[in-house]
Amino acid sequence: ATHFCFTFREMEPMVDNSEDSQQLCDGAFLRLPYVDVVQAVDKLKATMAEMQLMWDLETAKYEETILIETGSGQRRFGPRRNFPNKSGSIDDMSLFPYHSSCYPLLDAYECLGDYTLSSEDIRPSSLFLYKNESNDDDTFNGYLPNSLDAILTSMNNLERVEDFPGPQSNKIEILLKLLRHSMSDLQSDYRLASHVIKQFKKWNYFTVADIFRKVVSIVLAERKYCNGNCSRFDNTGEEQDHDCTAWTHLAQSIGAGIASCGSGFTREHALIVAAAVKLTYDEANPGAGIREDNVALGIQNGASAQ
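Remember, predicted model here, so these are calculated numbers, not experimental data. For every chain, the first residue of the written sequence is number 1, and numbering continues from 1 along that sequence. Where local features are concerned, this predicted model is filtered to residues with pLDDT of at least 70; where side-chain atom pairs are given and counted, the filter is 80 or more; whole-chain, interface and lining totals use all residues. Processing note: side-chain calculations cover all non-hydrogen atoms of the structure and skip hydrogens and water entirely.

Once that is clear, we can look at the overall build of the chain. Each helix is a run of H or I in the DSSP string that is no shorter than four residues. Each strand is a run of E no shorter than two, and both are numbered from the N terminus. Looking only at helices and strands, the chain has seven helices and six strands in total. Scanning the chain from its N terminus toward the C terminus, one meets helices and strands in the order β-β-β-α-β-β-α-α-α-α-α-α-β. Relative to its full complement of 306 residues, the chain shows a buried share of 47%. Taking the contacts inside the chain whose residues are at least 6 apart along the sequence as the reference set, 67% of them involve residues at least 24 apart. Exposure categories follow from relative accessible area, calculated using a 1.4 Å probe and restricted to protein chains: below 20% of the type maximum is buried, above 50% is exposed, and the middle band is partly exposed. Here, residues are in contact when the closest pair of their heavy atoms is within 4.5 Å.

Turning our attention to the packing of aromatic side chains. We call Phe, Tyr and Trp rings a pair once their centres come within 6.5 Å, taking the six-membered ring for Trp, and we label the pair stacked below 30 degrees between planes, edge-to-face above 60, and tilted otherwise. Scanning all chains against the criterion turns up eight aromatic pairs. Relative to W247, the ring of Y190 lies with its centre 5.1 Å away and its plane at 80°, an arrangement referred to as edge-to-face. Of this pair, Y190 sits in helix α4 (residues 190-202) while W247 sits in helix α6 (residues 244-259), and the two are 57 residues apart along the sequence. Like W247, Y190 is buried. Clustering of aromatic rings is evident, with ring pairs tying together F200, W203, Y205, F206, F212 and F265. Cation over ring: R81 sits above Y109, and NZ or CZ is 4.0 Å from the ring centre. For a ring to carry a charge above it, either NZ of a lysine or CZ of an arginine must fall within 6 Å of the ring centroid while also lying within 35 degrees of the normal to the ring plane. The positively charged end of K171 is found above the aromatic ring belonging to W203, 5.1 Å away from the centroid.

Time to look at the pattern of salt bridges. Any carboxyl oxygen of Asp or Glu within 4 Å of a side-chain nitrogen of Lys or Arg constitutes a salt bridge here. Per the stated rule, a full pass over the model turns up twelve salt bridges. With its nearest N and O atoms 2.8 Å apart, the salt bridge here joins E120 to K86. Placement of the pair is E120 in the loop between β5 (75-79) and α2 (148-160) and K86 in the loop between β5 and α2, with a sequence separation of 34 residues. Ionic pairing is found between D282 and K278, a salt bridge with its closest N-O pair at 2.8 Å. A residue pair is termed a helical-turn pair when its members lie 3 or 4 positions apart in one helix, as D282 and K278 do in helix α7 (residues 267-284) at four residues. K278 sits in the buried class, given a relative accessible area of 10%.

Glycine aside, residues mostly have negative phi, and peptide bonds are mostly found in the trans state. F96 connects to P97 through a cis peptide bond whose omega is 5°. One can find P97 in the loop between β5 and α2.

Grouped together as the largest cluster of nonpolar side chains are 63 residues, with contacts concentrated most on L178 and F200. Listed by contribution, the elements that provide at least two residues to this core are α1 (34-62), α2, α3 (171-183), α4, α5 (209-222), α6 and α7. With sequence-adjacent residues up to four places away left out, F200 is seen in contact with I172, L175, L176, Y205, F206, I211 and V215. We call a set of buried residues a nonpolar core when its members are Ala, Val, Leu, Ile, Met, Phe, Trp, Tyr or Cys and they connect through side-chain atoms within 4.5 Å of each other.

Residue placement: G264 occurs in the loop between α6 and α7. Measuring from C-alpha to C-alpha, the distance between G264 and F206 comes to 8.5 Å, with 58 residues separating the pair along the chain. With sequence-adjacent residues up to four places away left out, G264 is seen in contact with T207 and H269.

What follows deals with α5. Here a helix's expected span is defined as the number of its residues, less one, multiplied by 1.5 Å. In this model, α5 (14 residues) spans 20 Å end to end at C-alpha, consistent with the 20 Å of a helix rising 1.5 Å per residue. Counting buried positions over the 14 residues of α5 gives eleven, a clear majority of the element. Taken as a whole, α5 has its buried residues at A209, I211, F212, R213, V215, V216, S217, I218, V219, L220 and E222. Where α5 is buried, its residues touch α1, α3, α4, α6 and α7.

Here C226 lies in the loop between α5 and α6. With relative accessibility at 23%, the residue C226 sits in the partly exposed group. In this view, C226 contacts H242, C244 and W247; residues no more than four positions away in its chain are not counted.

Next up on the list: α6. Between its first and last C-alpha atoms α6 spans 23 Å; for 16 residues at 1.5 Å apiece the expected length is 22 Å, and the two agree. Among all positions in α6, only C244, W247, L250, S253, I254, G257 and I258 are buried.

Shown next as structure tokens:
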């Protein structure tokens, strides 16, 4: 397992290592100079801005109204998205669920009133959901849950795909888009997000620092402040926007994904984690900051965290 240590005192023993790509040594702390962490923060912010721009472009499409075939020879205006069809394919790969292998994930829309399914259309999943529109304990604004059947079928289908039509339609891009959509307020389905994280782990994508940075940027953008047992209403009287059990499971999946890197967890990975911690700390303590002269940031592989 990989454990992280962020402390305001000197840590021993330290390993002097300036190569980002060099693997961490078991049982030894790696010192991360403050200036390197600041540079990592800037790099993470740039990635977050890039990912946010892509998400903004996608969500703008969902706001559009298009003419929809109802399946009975009729047409009507409705929201722009992918709909069930007789071929069982995804027409617009820039919108959820991004690839025909993930067609079963369209079952999330079955809880919406505008869901259309004719007798000729292929049902996205053999198990489908009936959700009422009232805010019950397990229902939140924008909550579009996928059935477990749809999630597992889609992940298995995606794993078997070998040929993609273009550079923007590969497994990594699809998983990143699914992670953002599932964690966003559009869907808030942390069970789907957990399974996406498991696929990153299964295919060893976390060992690639650039991919790891993109995943971290999505998690930071869509994270919830959850203690695992939140009351139904927050301090302002608003209803909570997440399910604590599902969110906790997602957080555990992310931790397991990081730990799965093993010897593939490099100094650059450590800097990404340190940057995420510093960003979160700075947001929670505006104006306080972390002083350069009293901080030592480190990571240890294979030992308990201090």
